[in-house]
Amino acid sequence: MDILLQQLINGLVLGAMYALVALGYTMVYGIINLINFAHGEILMVGGLVSWTVINALQDYGLPGWLLLIIGLICAIVVCTVLNFLVEKIAYRPLRNAPRLAPLITAMGMSLLLQTLAMIIWKPSPKPYPLLLPTDPIAVGGAVITVTQILILGISVAVLAALMWLVHRTKLGRAMRATAENPKVASLMGVKPDLVISATFVIGAVLAAVAGVMWAANYGTVQHTMGFMPGLKAFTAAVLGGIGNLAGAMVGGVLLGLVESFGAGYLGDLTGDVLGSQYVDIFAFALLIIVLTLRPSGLLGERVADRA
Amino acid sequence: MNTKKLSVFLASAVGLVLVPLFVQQFGDGPVRIIDLALLYVLLALGLNIVVGYAGLLDLGYVAFYAVGAYMFALLSSPQLTNNFPALAAAFPNGLHLPIYVVIPLGALLAGVFGVLLGAPTLKLRGDYLAIVTLGFGEIIRVFLLNLQYPYNITNGPQGIGQIDALHFFGVDLSVPLHVFGYTLPSVTLYYYLFLALVVLSVLICSRLEDSRIGRAWMAIREDEIAAKAMGINTRNMKLLAFGMGATFGGVSGTLFASFQGFVSPESFSLQESITIVAMVVLGGIGNIPGVILGALLLAALPEVLRYVGSPLAEMTDGRLDASILRQLLIALAMIGIMLVRPRGLWPSPEHGKSAAAGSAK
């Protein structure tokens, strides 16, 4: 029973982070139909920038939580500027190009950001300073750390803010209109370029938050840290039905839970033939199963309107 | 074929045959690079069937490459006989199959994997297919990494070594061959084998392109619903494209394994899949000469960079070495070429134009 609860907590924490990143994918896809492969790298940049800032300020004797907040703010600023530029340089000129062209620049951007990060921060993994109390808190037989509580809390707050933004503000309405039909939206006075830039900026904020959380939770940062979370988050977005905000959240949390329970129980269930090293397979196996049974994702109601 | 075309054709044929004999003067290294580049040409041609003709974005193509490579590695190295005494008893001299058994076998196995993956996933629309194939590639890689327990099949991250060279009719490609007083080193022999297969593949691809099947694929690429309405069995045609593409991957894999003499999961990362997609798209998607150009550029240029690696690493305090520069250049090429020429360096002629080009007129 304790293990069950523990895996539930771990899965929710992981899922919250996946959900934050998945939203960035799903929003961009919803508006310009592009798989933004570079999105995972934004998470990585967020993690590394906050690491640099925190290390630079560590000698001034500031409290840990303040350092973390400063690191987070710097990461958000750098990531939003970066994602804004990425869209402007690599995606905008190709908006009417053949379908594969922006996809290739997106992959190129991902590789470029990773390589630049490797040059700037060097390839070795770096320990992320422990800024919050590390004593685990007992919850009904399982334990949870302060960092994990914060991850859950911040994720819920960020998700709520995003929902409010998309459904209650003028910008959100413009985003939804552009996703529905960019041409008609622009006839109604919506500026598509502005909306698309705003989408990338919002996605970058979410990815930066996720990046700092990821770094604080796992205690290490590296130029490759964005790759797997990016891939899994994209899987989560597809799982939930890409282009659908609620779907991205459901997909993220579901994926987090499946991975955490899978890692915990797979060894026992299969008599140690398949161990937790196979955990990376779950995301993709689950994806293949779900898409085979429900080709538009769990919550995806928008079926192919373009060939 | 008029005489001018014929003479160009003959000149390039003679040129291609003579290339390694010239390059050989500079040692085995440069010939090796050309060999690997030819291998990538083969891979890119295979992926071009899937992505270029049928318009199915496959981001896990490297999985089929891996299947071919590991199949050959298992059949032609001591790995299996060392770990399974029963097999060792059955084949006391080990399994050493000749090329005309191994290559069709690799093609068949990869083709079967292609159809297995394709069957449940081909009804998905474009971008979903991309992510599912990507996932499939990762699944294969994770299995290769971990299938060493409870039975050691793939030897995990260490990979499988001591793989036989290809051999047929008494010719062993790892031993220099003496003909007419000339000595052809192993790398040059591989060059001729790879060249022969590339030529064969180009022939197959160009015939396919003009065949009923090729036209059906292109119809599906342009508009699947219209293709279906015209009586094309889209499911079977897509499966065929997947299977054919996978076959090319499998053959390249067997060649790769024997050429290197060693395989490990590291060679089959997602990065590799993306590089192959980039070759196809950068060169000119759906156009055979373009695809070959893209493959040669992306495969050979970065290898050449290895020679500038160590001075560069000294100059930049170890931050920038050959492999990092290689990645940087591939990344910049992917972005730059797409921005300047979104249809690739050498796009296909107008008749097979895509929806985007059609709307421009």
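Sequence order as written defines the numbering, with residues in each chain counted from 1. Going through the entries in the order they are written, you letter the chains from A and number the ligands from 1. Predicted model: local features are reported for residues with pLDDT of at least 70 only, side-chain atom pairs are reported and counted for 80 or more only, and whole-chain, interface and lining totals are derived from all residues.

**Student:** Mind showing me how you'd approach the overall build of chain B here?
**Tutor:** Assigned secondary structure in chain B consists of 16 helices and four strands. Put simply, the radius of gyration uses C-alpha atoms, and a globule should come to 2.2 Å times the residue count raised to 0.38. Over its C-alpha atoms chain B spans a radius of gyration of 21 Å, differing by no more than 12% from the 21 Å that the globule rule assigns to 361 residues. Summarising its shape, the C-alpha atoms of chain B cover approximately 65 × 50 × 45 Å along the three principal directions. A pair of residues counts as a contact when their C-beta atoms, built from backbone coordinates, are within 7 Å of each other. Taking all contacts inside chain B whose residues are at least 6 apart in sequence as the whole, residues at least 24 apart take part in 74%. Working definition: helices are DSSP H or I runs of at least four residues, strands are E runs of at least two. Numbering for both runs from the N terminus.

**Student:** How should I be thinking about the overall build of chain A in this particular structure?
**Tutor:** Counting its secondary structure elements, chain A contains eleven helices and four strands. Here the C-alpha radius of gyration of chain A, 19 Å, is about what a compact globule of 307 residues would show, namely 19 Å. Once the C-alpha set of chain A is aligned to its principal axes, its extents read approximately 55 × 50 × 35 Å. Counting other C-beta atoms within 10 Å of its own, a residue is labelled buried from 20 upward, exposed at 12 or fewer, and partly exposed in the gap between, with every C-beta atom placed from the backbone. Counting the 307 residues in chain A, one finds 51% classified as buried. The long-range fraction of contacts in chain A, counting pairs at least 24 apart against all pairs at least 6 apart in sequence, stands at 77%.

**Student:** How should I be thinking about the confidence of the model for chain A in this particular structure?
**Tutor:** Per-chain confidence: chain A averages 88 in pLDDT, with 95% of residues scoring 70 or above. Scored from 0 to 100, pLDDT records how confident the predictor is in each individual residue. Counting contacts from residues 303–307 of chain A, a segment whose pLDDT is below 50, to residues more than four positions away or on other chains yields five contacts.

**Student:** Just to check I follow, could you spell out the nonpolar core for this structure?
**Tutor:** Side chains of nonpolar character tend, in soluble globular proteins, to be buried together. Nonpolar cores are identified as sets of buried Ala, Val, Leu, Ile, Met, Phe, Trp, Tyr and Cys residues joined via C-beta atoms within 7 Å. Ala19 and Val21 of chain A together with Ala44, Ala241 and Met334 of chain B are the most contacted members of the largest nonpolar core, which totals 215 residues. In this view, Ala241 of chain B contacts Ile49, Val50, Tyr53, Ala54, Leu56 and Trp217 of chain B; residues no more than four positions away in its chain are not counted.

**Student:** Can you help me understand the interface of chain A and chain B in this one?
**Tutor:** By a frequent convention, interface size equals the accessible area lost on bringing the separate parts together. On the chain B side, the residues contacting the 37 residues of chain A number 41 residues. Going through the elements one at a time, helix 4 (100–121), helix 9 (227–240) and helix 11 (279–293) of chain A are the ones with two or more residues in the side of chain A that touches chain B. If you tally residues by element for the side of chain A that touches chain B, the top one is helix 4 of chain A, at twelve residues. Polar here means any residue outside two lists: the nonpolar Ala, Val, Leu, Ile, Met, Phe, Trp, Tyr, Cys and Pro, and the charged Asp, Glu, Lys and Arg; Gly therefore counts as polar. In terms of residue class, the side of chain A that touches chain B is built from 28 nonpolar, seven polar and two charged.

**Student:** Just to check I follow, could you spell out helix 9 of chain A for this structure?
**Tutor:** For an α-helix, 3.6 residues make a turn, and residues three or four places apart therefore share a direction. Residue and element names in this part refer to chain A. One less than the residue count of a helix, multiplied by 1.5 Å, gives the span that helix is expected to have. Counted at 1.5 Å a residue, the expected span for helix 9 with its 14 residues is 20 Å, and the 20 Å between its end C-alpha atoms agrees. Among the 14 residues of helix 9, twelve are classified as buried, and the element is accordingly described as predominantly covered. All of the buried residues along helix 9 are Pro229, Gly230, Leu231, Lys232, Ala233, Phe234, Thr235, Ala236, Ala237, Val238, Leu239 and Gly240.

**Student:** What is the right way to look at the environment of Leu165 of chain A in this model?
**Tutor:** Residues and elements named next belong to chain A. Along the polypeptide, Leu165 turns up in helix 5 (residues 146–168). Judged by the 14 C-beta atoms lying within 10 Å of it, Leu165 falls in the partly exposed class. A sequence separation of 138 residues divides Leu165 from Met27, and the C-alpha atoms of the two residues are 13 Å apart. Ignoring sequence-local partners within four residues, the contact set of Leu165 consists of Leu171 and Gly172.

**Student:** Can you walk me through the packing of helix 4 of chain A against helix 15 (residues 322–340) of chain B in this structure?
**Tutor:** Relative orientation and spacing of two packed helices are given, respectively, by the angle between their axes and the distance between those axes. At a closest axis distance of 8 Å, the pairing of helix 4 of chain A and helix 15 of chain B adopts a crossing angle of 150°. Between helix 4 of chain A and helix 15 of chain B, the crossing angle belongs to the class labelled roughly antiparallel. In this structure, helix 4 of chain A meets helix 15 of chain B at a crossing whose hand is left-handed. Seen from helix 4 of chain A, the contacting residues are Ala101, Ile104, Thr105, Met107, Gly108, Met109, Leu111, Leu112, Thr115, Met118 and Ile119 of chain A; seen from helix 15 of chain B, they are Ile324, Gln327, Leu328, Ile330, Ala331, Leu332, Met334, Ile335, Met338 and Leu339 of chain B. An axis is simply a line fitted to the C-alpha atoms; with a helix, the fit covers only the stretch in contact. Between two such axes, the angle follows the N-to-C directions and lies from 0 to 180 degrees. Between 65 and 115 degrees an angle is taken as roughly perpendicular, under 35 as roughly parallel, over 145 as roughly antiparallel, and anywhere else as oblique. Helix crossings get a hand from a simple test, with the near helix turned counterclockwise from the far one by less than a right angle marking a left-handed crossing and a clockwise turn marking a right-handed one.

**Student:** I keep staring at the environment of Val19 of chain B and nothing clicks. Help me out?
**Tutor:** Position of Val19 of chain B among the secondary structure elements: in helix 1 (residues 3–23). Residues Val19 of chain B and Phe64 of chain B, spaced 45 residues apart in sequence, show a C-alpha to C-alpha distance of 30 Å.

**Student:** Would you take a moment to explain helix 10 (residues 245–269) of chain A for this structure?
**Tutor:** For helix 10 of chain A, spanning 25 residues, the distance from its first C-alpha to its last is 34 Å, which sits close to the expected 36 Å at 1.5 Å a residue. Most pronounced at Ala263 of chain A, the bend in helix 10 of chain A amounts to some 40°. To get the bend at any residue, fit one axis to the seven residues that end at it and another to the seven that begin at it, then take the angle between the two axes.

**Student:** What is the right way to read the confidence of the model for chain B from this model?
**Tutor:** Reading fine detail from the predicted coordinates is not recommended where pLDDT is low. Residues and elements named next belong to chain B. Looking at chain B as a whole, the pLDDT averages 83, with 92% of positions reaching at least 70. Across residues 352–361 the pLDDT falls below 50, and counting only partners more than four positions away or on other chains, this stretch makes eight contacts in the model. Overall fold confidence for the complex sits at a pTM of 0.85, while the interface term, ipTM, reaches 0.84.

**Student:** Please explain the environment of Leu193 of chain B as it appears in this structure.
**Tutor:** All names here are of chain B. Relative to the helices and strands, Leu193 is located in helix 8 (residues 186–210). When the 21 C-beta atoms within 10 Å are taken as the criterion, Leu193 is described as buried. Along the sequence, Leu193 and Leu166 sit 27 residues apart, while their C-alpha atoms lie 9.9 Å from each other. Aside from chain neighbours lying at most four places away, what touches Leu193 is Leu166 and Leu173.

**Student:** When you look at unusual backbone geometry in this model, what are you seeing that I'm missing?
**Tutor:** The phi torsion of most residues other than glycine is negative, and most of the peptide bonds are trans. With phi around 55°, Asn33 of chain A is a residue other than glycine that occupies positive phi space. Tracing the backbone shows Asn33 of chain A in the loop between helix 1 (2–32) and helix 2 (39–57). Positive phi values are uncommon outside glycine, yet Gln162 of chain B reaches one of about 50°. Checked against the element boundaries, Gln162 of chain B lands in the loop between helix 7 (126–146) and strand 1 (167–168).

**Student:** Even after reading the chapter, I still don't get the packing of helix 3 (residues 62–75) of chain B against helix 6 (residues 99–121) of chain B, so can you show me in this structure?
**Tutor:** All names here are of chain B. Where helix 3 contacts helix 6, the axes come no closer than 9 Å and their chain directions differ by 135°. The orientation of helix 3 relative to helix 6 falls into the category oblique. Once helix 3 is placed against helix 6, the crossing between them reads as right-handed. Residues Phe64, Val67, Gly68, Met71, Phe72 and Leu75 of helix 3 form the contact with helix 6, whose participating residues are Val102, Leu105, Gly106, Leu109, Ala110, Phe113 and Gly114. Each residue belonging to the contact of helix 3 with helix 6 can be placed in one class, and the counts come to ten nonpolar, three polar and no charged.

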